[in-house]
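Listed below are the residues making up each chain.
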Amino acid sequence: TIGGGGTNAGNVISGNGGDGVFIAVNSASLSVATLKANMIGMNAAGTGSVGNTGNGINISNASGGTTIIGSAGSGNIIGGNTLSGILVGTADLLTIQGNTIGKSGAANARGILLNTAAGATVGGIVGGQGNNIGFNTGNGIALGSAATAIIRGNSLHDNGALGIDLNNNGVT
């Protein structure tokens, strides 16, 4: 677990010369990865950008494990990163809930990019599960051709491109 749900349990993960957090989860070495209540690419107050030069969170190989990014009441604030707020290369059993991804004055290049994600859940219908995804310079959420996801209950606004791009290829 990186961060947590209690007062001051999160980390400030900002200003790094690459990705803020890199996750490779598999059943052989690490079966569950959880990130909650962290400031990623932001200052400690969550009010200004101290971006990472890569992605805020890069999930490279999480097949066979469970990855949880945020939760109702314990979301991460992810902004100001040069690339995506959250980049998912490969993931199964992925849940992204309760996060703020992109803020005014602290844009990511993209909010969430799911390249290969089998059955990911982004947001939810219970109070607090939805993500606030806004002010990113590109898409709010983009899915690659090999990604499947349930996307619901999110607030997508003020992004520079599409709110949701279902094939990561723009308007077709």
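Here the structure is a predicted model, which is why all the values come from computation and not from measurement.

Chemist: An account of the overall build of the protein is needed here, citing residue identities and associated values.
Modeler: Broken down by element type, the protein carries zero helices and 18 strands. The globule rule puts the C-alpha radius of gyration for 172 residues at 16 Å, and the 14 Å found for the protein is close to it. For the C-alpha atoms alone, the extent of the protein along its principal axes is close to 40 × 40 × 35 Å. The 172 residues of the protein split such that 46% are buried. A sequence separation of at least 24 residues applies to 72% of the contacts in the protein between residues at least 6 apart. Taken as a whole, the protein presents about 7,000 Å² of accessible surface, with 51% of it coming from carbon and sulfur. Charged side chains of the protein number 4 positive and 4 negative; the gap between the two group centres comes to 10 Å.

Chemist: Describe the nonpolar core, and please don't skip the residues or the numbers.
Modeler: Within the largest apolar cluster, 27 residues are counted, with the highest numbers of intra-cluster contacts made by Ile57, Ile59, Ile86 and Leu114. Secondary-structure elements contributing two or more residues to this core are strand 3 (21–24), strand 4 (32–36), strand 6 (57–61), strand 9 (84–92), strand 10 (94–96), strand 12 (110–118), strand 13 (120–123) and strand 15 (141–143). Other than its neighbours up to four places away in sequence, Ile59 contacts Ile23, Thr67, Ile69, Ile86, Leu87, Val88, Gly89, Thr90, Ala91 and Leu94.

Chemist: Can you explain the side chain of Asn58? Please cite residues and give values.
Modeler: As for its position among the elements, Asn58 is in strand 6. The class for Asn58 is buried, based on a relative accessible area of 12%. Within the structure, Asn58 has its side chain in polar contact with the side chain of Asp19 (distance 2.9 Å). When residues no more than four places from it in sequence are discounted, the contact partners of Asn58 are Asp19, Val21, Phe22, Ile23 and Leu87.

Definitions and limits used
Residues numbered from 1 in each chain as written. Predicted model: local features only at pLDDT ≥ 70, side-chain atom pairs only at ≥ 80, totals over all residues. Heavy atoms only, no water. Helix = DSSP H or I, 4+ residues; strand = E, 2+ residues; numbered from the N terminus. Rg over C-alpha atoms; globule rule 2.2 N^0.38 Å. Buried < 20%, exposed > 50% of the residue type's maximum accessible area, 1.4 Å probe, protein only. Contact = heavy atoms within 4.5 Å. Areas by Shrake-Rupley, 256 points an atom, 1.4 Å probe, with all protein chains shown as cover. Lys, Arg positive; Asp, Glu negative; His and termini not counted. Charge placed at Lys NZ, Arg CZ, Asp CG, Glu CD. Core = buried A, V, L, I, M, F, W, Y, C linked by side-chain atoms within 4.5 Å. Polar contact = N/O pair within 3.5 Å; in protein donor to acceptor, adjacent residues only side chain to side chain.

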